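Descriptive analysis of the structure
Residue-level listing of the chains:
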Amino acid sequence: MKILHLSDSHIGYSTYNKLDENGYNQREVDVQNAFIRIIDFALEEKPDLVLHSGDLFDTVRPTNRAISFALEQILRLSKAGIPLLMIAGNHEAPRLRETGSVFRLFEHLDSVFPVYKSAMESFKFGDLLVHALPHCMDKPIFEKELKLLKPDKKFKYNIAMLHAGVAGLSVFKTGEFNEQIAHSGGLDKNFDYIALGHYHDHCEVTDNAVYAGSTERLDFGEVGQEKGFVIVDLDAGNWEFHKIETRGMIDIGPIDCQKMDSPKIMEAIIKRLDKVKVKGMIIRLKLVNIRSGEYHLLDTGNLKKRMKDALHFEIKVETTSDEQAIAFGDTVFDSLEKEFAGYIEERAVEGIDKKKLKARGMEYIKRAGGEAE
Ligand SMILES: [Mn+2]
């Protein structure tokens, strides 16, 4: 039996300002193309089952375009008679019950099995039993359901699937506010395979537990990571990662500017930029220990011109005292928390306790975080 395991496709994700020839956000299209490549592979290789370990969509309420794209691609699998079992991840799990889950739509398709109800469900595929645990909002429920992930000896093969961070000798997590963490000791060694989702860097966590990784790079934290999916051969008892083609992302530097004036810094930057391929790439240049006076003297117009064929170019500056991100073409903001804290700091609000206002604001930001549009 052959299983195709993929995860964290984040359909609907978009960033930067570049549009493709049809007027769609280029990164949104890139994310879609990565998904199409994997469905193409599935149709060609015809695995017995496809597993998607969560975060099929980037948000709780995907756009109509994101939903129709996913539907179209999943229908291709369904029509080919290749079963798809998918669990909801933290990105598509609604915090409020009345929001409902977009996964419900997929219940109407033949041989598509969406799992999204904060409970473990198991599914038979011939000799194989798959125990699927979607993301659960409540930690106690997650922990209770996690304990139900046990192989059933009546079946020749058992697979577990979950969307969570794993903590053990190493820790695999994203730091998102609503993530769930499983202890690696709690993952049963007797499963033939544990299909993990959530952590975006493909890796083997224990002998039998594997993160497929995300199918495209969603931010510079994923620079240098290979993207793709895993083919599991249950009869042979092994698995193999298949890399797919994705858009290039380069992190240049850091260039230490401590002992340089602006002409010297410019020279160092151009030397580095000349060495990289620019066309269609996502590029970040890091400057550290730069005095803000020197930074403002840099000929950024020249840099912008040099990098005009890049899909995105930004300069990340770490001045000697604080850190700020500066982008060309796009505006790059810090996290909402940081932006808000900075705003409160620099405003004098008469008659109001700044500390209290900051604490209250942070609370609202945290609360709103789970229902991001
Ligand atoms: Mn994810």
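Please read all numbers here as calculations on a predicted model, not as lab measurements.

Procedures and definitions
Residues numbered from 1 in each chain as written. Predicted model: local features only at pLDDT ≥ 70, side-chain atom pairs only at ≥ 80, totals over all residues. Heavy atoms only, no water. Helix = DSSP H or I, 4+ residues; strand = E, 2+ residues; numbered from the N terminus. Rg over C-alpha atoms; globule rule 2.2 N^0.38 Å. Buried < 20%, exposed > 50% of the residue type's maximum accessible area, 1.4 Å probe, protein only. Contact = heavy atoms within 4.5 Å. Donors = N, O, S within 2.8 Å, 3.2 Å for Na, K, Ca; no water. Domains from an automatic or database assignment. Buried area = accessible area lost by both parts, 1.4 Å probe. Salt bridge = Lys/Arg side-chain N within 4 Å of Asp/Glu carboxyl O. Pairing = 2+ DSSP bridges. Lys, Arg positive; Asp, Glu negative; His and termini not counted. Polar contact = N/O pair within 3.5 Å; in protein donor to acceptor, adjacent residues only side chain to side chain.

Scanning the protein chain from N- to C-terminus turns up eight helices and 19 strands. Radius of gyration (C-alpha) of the protein chain: 23 Å, near the 21 Å computed for a compact globule of 373 residues. Seen along its three principal axes, the alpha-carbon backbone of the protein chain occupies a region of about 70 × 55 × 40 Å. For the protein chain, buried positions account for 49% of its 373 residues. For the protein chain, long-range pairs separated by at least 24 residues make up 68% of all intrachain contacts whose partners lie at least 6 apart in sequence.

This next bit is on the coordination of the manganese ion. Four donors placed tetrahedrally about a metal ideally form angles of 109.5 degrees, and six donors placed octahedrally ideally form angles of 90 or 180 degrees. In this structure, Asp8 (OD), His10 (NE2), Asp55 (OD) and His200 (NE2) serve as the protein donors to the manganese ion, at separations of 2.1 to 2.3 Å. Mapping the donors of the manganese ion onto the primary sequence gives the spacing D-x1-H-x44-D-x144-H. One end of the pair, Asp8, is in the loop between strand 1 (2-6) and helix 1 (26-45); the other, Asp55, is in the loop between strand 2 (49-52) and helix 2 (64-79), with 47 residues separating them in the sequence. Each member of the pair, Asp8 as well as Asp55, is classed as buried.

As a further point, take the domain arrangement of the protein chain. We note that the domain assignment places domain 1 (2-243) and domain 2 (249-369) within the protein chain. Distance between the C-alpha centres of domain 1 and domain 2: 33 Å. Counting the surface lost from both domain 1 and domain 2, the interface buries some 1,200 Å², and carbon and sulfur atoms represent 66% of this. Broken down residue by residue, the surface that domain 1 buries against domain 2 is led by Tyr16, Lys18 and Phe220, which jointly contribute 50%. Between the two partners, domain 1 and domain 2, sit zero salt bridges.

This next bit is on the sheet that holds strand 6 (residues 128-133). Spatially, the six strands line up as an open sheet ordered 5-6-7-11-13-12, and their pairing is mixed. Single-partner strands in this sheet number two, and they are strand 5 (121-125) and strand 12 (203-204). As paired strands, strand 6 and strand 7 (residues 157-163) are joined by six bridges and run parallel to one another. Bridge assignment links Ala132 to a residue of strand 7, and that residue is Met161.

Think of it this way: side chains of opposite charge can pair up when their charged atoms draw near. One pass over the full model with this rule turns up 15 salt bridges. A salt bridge links Lys144 to Glu145, with the shortest nitrogen-to-oxygen separation between them at 3.7 Å. Take Lys144: its relative accessible area is 53%, and that puts it in the exposed class. Several salt bridges converge on common partners, so that one network encompasses Arg27, Asp30, Glu216 and Arg247.

Looking at the secondary structure, you find Glu92 in the loop between strand 3 (84-87) and strand 4 (112-115). Salt bridges are absent for the buried Glu92, whose nearest opposite-charge side chain, Arg61, sits at 13 Å. Within the local environment of Glu92, its side chain forms a polar contact with the backbone nitrogen of Asp55, the two atoms lying 2.6 Å apart. In this structure the side chain of Glu92 is engaged in a polar contact, spanning 3.1 Å, whose partner is the backbone nitrogen of Leu56.

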